[in-house]
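Fold and contact review
Each chain is listed here by its residues.
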Amino acid sequence: DFIQALKLPGSKDKEDKKPELTESERKKLDIQETKKSLPVFPFRDDLIQAVRDHQVLIIEGETGSGKTTQIPQYLHEAGFTDDNKKIGCTQPRRVAAMSVAARVAQEMNVKLGNEVGYAIRFEDCTSERTIIKYMTDGTLHREFLSEPDLQSYSVMIIDEAHERTLHTDILFGLVKDIARFRPNLKLLISSATLDAQKFSEFFDDAPIFRIPGRRFPVDIYYTKAPEANYVDACVVSVLQIHATQPLGDILVFLTGQEEIETCQELLQDRVRRLGSKLKELIILPVYANLPSDMQAKIFDPTPPGARKVVLATNIAETSLTIDNIIYVIDPGFAKQNHFNSRTGMESLIVVPVSKASANQRAGRAGRVAPGKCFRLYTLWSYKHELEDNTVPEIQRINLGNAVLMLKALGINNLMKFDFLDPPPRETMVLALEQLYALGAFNHRGELTALGRRMAEFPVDPMMAKMLLASDKYKCSEEAVSIAAMLSVNGAIFYRPKDKIIHADTARKNFNHVGGDHLTLLNVYNQWRDSDYSTQWCYENFIQYRSMKRARDVREQLVGLMQRVEIEMVSNVSEVDNIKKSIISGYFYHVARLSKSGSYKTVKQNQSVTIHPSSALFEDLPRWLLYHDLVYTTKEYMRVVMEIQSKWLLEAAPHYYKPKELEDSTNKKMPKTVGRSTRTD
Ligand code: ADP
Ligand code: MG
C-alpha cells in the first residue's frame, strides 16, 4: 500500500485501472484531464471572483494557457448566463472563432451551434439556445448596428487584444462607452503579451489579472547568411529536422495559401522520393481559406512514431495553439495590408515580422517541452532590421469601412472618438473623401440614405456600392454572383502540379473577353447550370468547396439585397451594364495604359501591372479597372476588366474631371494575342 501511494501520477498503472471505459468515455475523461492541466485552471475561482468584483478586467497570459477556451466556460458555470444572457468572445480571425467554438462545444459535450456557437462574416452558426458565442471582431462591430447596447450579453470578452486589428481597436472604444451606462455588463480584455498595462490605462486603470505562463526554454538558431528562397529553405529545414532530431512536431510559418501549397507540394515530393528511409511525416496546411474540416486535422494527435509538420500562416502565432510543437521554423515574414495615404492606394504586401511576432512564434516551440526555433534570417537582421512591434492595423490600412460603420452607429465626430491609438489624420480624411465620392456621405460629412443602405452590407464600401448600383443597371443577380465569387477568389481554380496543362485549358474555357470579373461570373453560372454539381467542378478543375462557400455567401447577399429592397433581376447579356455597376463602386481602382506600354493609375499616376493570373495578362486594354492590388516584386492588379473611360464620368462625376480622362488613342494596344474566349 505504501508503495502504491508513492506512485507518480501518469504512470502506467493508472490506465490499467479503468479497463471498463468505452472509447467515448475515455475521450471525455481525457478532455477533463486536459482542462485541468491548463495554466488557467488553478486560477478559476480567483478569476470568477475578480469578474464579480470588477466591471472591466484585463487578462494577460501566455498563448495556450486556456484563456479563450476556458474562461467563457468558467463564467458560464459561475452563473453569468443565467438570466438568458450570453457570453460573447471576439477573435480577430475567422478560423480561430470556428475552431475554438468547435473545441468548446466538444468540451461541454453539446452540438456546435446550440449552446456554443460562432458567427463570422456570411456565416451564423448560433441559435436561440446559444449562451457562449465566439465571433470575429468584425462581426461584433456589426452587431452594434442592431443592438447598440449589447443587451443580450452579460459578459463580453475582447480576446487576442494584442493583435490590434482595426475592428478590435474600434471595439475598445465602443465597449468602453457602453460599459459606462450598462454597469451590469462585464468586460474582459484578454491579451497574450505585454500590452496589458496600456489596455489597463485605456480602460480607466482596470485591474490586470495575470495568468502565470509555463514556458520551457527555446533555443534559437539563425542562418549565417540571408536565404534567397525561404520556401525552399523551409523544405530543407523540415527534412533536416525530420532526419536528425528526436520526434516532436514542427510548425512552419509562411505568409499565405499559395506559399503553403507550394511548400506542401515540394515536401510531399521530397518525402515520396526518400521513400521508406524516413519515419512517417504528416504534412498539414492551415490558412484562412482552408475548409474547416481540413483545418481541424491539425489538432488530431500525431500517431506514435510519426511526426507532424504544420504549415501555417501567422494564424498559428497566437490565435491557434497546436499541442506538442517542439520545433518552429520561422522565415520571418507575414502578409499585411498597407495603405499609402499619400497615394490613397491599398495593397497586400509581404513584410518582415516584428521582434514581438518573432518571439511569439519561437514561444510556440516551448509549450510542452524544451524546444528549438530555426529563424531563416541572420541574428544581425533580427537585431537591426526587425521593428520592435507590429504597427496596429488602424495606423496602416484604409479606414473606409470603419468610418462608414462608425457613422452608421451615429458617431459623428470621428476625430473625437476614443481610440487606443488614433489613426493618422490623413487616412481619416481620405476615407471621408472616398465615402463622399461614393455617395455615402453628403458634403457636410453626414450619412446619406445611400450610405445607410451601404452600411447594411458586411463588405467594404466599394463592393456595397457596386451591389446597390446593380439596381439601376438591372443586373442584381450578376452583381451578387460576382461579389460572392470575389469573396472566395484565389481558391477557385485548382491547378495540380501533374495536370497543369489540363487545368489551364479548363480555365481558359471560362475566360471572358470582358475580363476577370465576368470570367468569375461565367464559372458561377455554369456551375449553377450544372445544378451545383461536384462532378462538374471535378471535370473543370474548379474547387468545389470554394464554390459551395460562394453559393452560401451569395445567399446571404441576396437576403441583404432584399432587406434594402432591391429586386433580384438578371441580365447576363448586358455586359456593359454589369461593368457599369462594378465601376460605380470601384472607380477608384482604374489604370490607363501609357505610351510606354505600362499601366499607371489615373489619379495617383502609380505604376501597376496586370497579375499573370489574369486572362487579360496579354491583352493590355487601354483602360482597366482592378479589384485589388498585391505587391510582390511589383504592384500587381488582381482581377481586372476592360472599361470605357466615359463610364467613369457617369459613375463618379464628383471624382473625375473630363480632362483627366481625355484620351486620343482610345484603342487597344496591338499586342493582343488570340485566346479562347466565351461570351455566354
Ligand atoms: P489561449 O487562448 O490562452 O491561447 P486556448 O484556450 O486557445 O489558449 O487553448 C487551450 C488549449 O486548448 C490548448 O492546449 C489547445 O491546444 C487546445 N485547443 C484549442 N482549440 C482546440 C481544438 N480545436 N482542438 C483541440 N484542442 C484545442
Ligand atoms: Mg486565445
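Since the model is a prediction, treat every value here as computed from it, not as a measurement.

A look at the overall build of the protein chain
On a plain count of helices and strands, the protein chain comes out with 25 helices and 21 strands. The C-alpha atoms of the protein chain give 26 Å as radius of gyration, which agrees with the globular expectation for 680 residues (26 Å, within 12%). The C-alpha extent of the protein chain, read off along each of the three principal axes, is 95 × 65 × 55 Å. Put simply, the protein chain has 680 residues, and 45% of those count as buried. Of the contacts formed within the protein chain by residues at least 6 apart in sequence, a portion of 73% connects residues at least 24 apart.

Description of helix α6 (residues 94-108)
Side chains that are three or four residues apart share a direction in an α-helix, a result of its 3.6 residues per turn. In this model, α6 (15 residues) spans 21 Å end to end at C-alpha, consistent with the 21 Å of a helix rising 1.5 Å per residue. Summarising burial for α6: 11 of the 15 residues are buried, a large majority. Of all the residues in α6, the buried ones are Arg-94, Val-95, Ala-96, Ala-97, Met-98, Ser-99, Val-100, Ala-101, Ala-102, Val-104 and Ala-105. Tucked inside the fold, the buried residues of α6 contact α5 (67-77), β2 (86-91), β3 (116-120), β5 (132-136) and α12 (292-296).

Structural notes on α5
Within α5, 8 of the 11 residues are buried, which leaves it mostly tucked inside the rest of the structure. Residues of α5 that are buried: Lys-67, Thr-68, Thr-69, Gln-70, Ile-71, Pro-72, Leu-75 and His-76. Gly-79 lies just past α5 and shows a positive phi near 100°.

Quick word on the sheet that holds β3
Hydrogen bonds between backbone atoms are what pair the strands of a sheet, whose relative direction is either parallel or antiparallel. Pairing is mixed across the open sheet formed by 8 strands, whose spatial order is β4-β3-β5-β2-β6-β7-β1-β8. Here the strands that pair on one side only, and so sit at the sheet edges, are β4 (123-125) and β8 (208-211). Adjacent strand axes in the sheet meet at a mean angle of 20°, parallel and antiparallel pairs treated alike. Note: β2 against strand β6 (residues 153-158), 5 bridges, orientation parallel. For Gly-88, the partnering residue across the bridge sits in β6 and is Met-156. Across the face of the sheet, helix α7 (residues 137-146) comes into contact with β2, β3 and β5 while running at roughly 100° to β5.

Quick look at the UniProt feature "domain: Helicase ATP-binding" (unreviewed entry) in the protein chain
Within this numbering scheme, the UniProt entry marks residues 48-212 as carrying the feature "domain: Helicase ATP-binding" (unreviewed entry). For residues 48-212, the helix share is 39%, the strand share is 25%, and the end-to-end C-alpha distance is 17 Å.

Some remarks on the nonpolar core
Ranked by internal contacts, the top residues of the largest apolar core, which has 180 residues, are Val-252, Leu-467 and Ala-483. In this view, Leu-467 contacts Phe-457, Ala-479, Val-480, Ala-483, Leu-557 and Met-561; residues no more than four positions away in its chain are not counted.

Comments concerning the site of ligand 1
Taken together, 17 residues lie around ligand 1, and Lys-67, Thr-68, Thr-69, Arg-103 and Phe-299 are the ones closest in. Those elements that provide at least two residues to the shell around ligand 1 are α5 and α6. The residue inventory of the shell around ligand 1, partitioned by class, reads 4 nonpolar, 10 polar and 3 charged.

Regarding the UniProt feature "domain: Helicase C-terminal" (unreviewed entry) in the protein chain
UniProt's feature table lists "domain: Helicase C-terminal" (unreviewed entry) at residues 237-410, given in the numbering used throughout. Split by type, residues 237-410 is 32% helix and 25% strand. Its first and last C-alpha atoms lie 53 Å apart.

With respect to the sheet that holds strand β9 (residues 218-222)
Reading across the sheet, the 6 strands line up as β9-β16-β13-β10-β12-β11 and stay open at both edges, with parallel pairing between neighbours. The open sheet terminates on both sides in strands that have one partner only, identified here as β9 and β11 (281-286). On average, each strand axis in the sheet is tilted by 20° relative to the strand beside it, whichever way the strands run. Two elements, β11 and strand β12 (residues 307-312), share 6 bridges in a ladder whose sense is parallel. Counterpart to Pro-285 in the pairing with β12 is Leu-311. Contacts from helix α11 (residues 257-274) reach β11 and β12 within the one sheet, and its direction differs from that of β11 by about 170°.

Reading the values: rules and limits
- Residues numbered from 1 in each chain as written.
- Chains lettered and ligands numbered in written order.
- Predicted model: local features only at pLDDT ≥ 70, side-chain atom pairs only at ≥ 80, totals over all residues.
- Helix = DSSP H or I, 4+ residues; strand = E, 2+ residues; numbered from the N terminus.
- Rg over C-alpha atoms; globule rule 2.2 N^0.38 Å.
- Buried ≥ 20, exposed ≤ 12 C-beta atoms within 10 Å, placed from the backbone.
- Contact = placed C-beta atoms within 7 Å.
- Expected span 1.5 Å × (residues − 1).
- Pairing = 2+ DSSP bridges.
- Axes fitted to C-alpha atoms, helices over the stretch in contact; angles between N-to-C directions.
- UniProt positions renumbered as here; feature names shortened; annotations may be inferred.
- Core = buried A, V, L, I, M, F, W, Y, C linked by C-beta atoms within 7 Å.
- Near = placed C-beta within 6 Å.
- Nonpolar A, V, L, I, M, F, W, Y, C, P; charged D, E, K, R; others polar.

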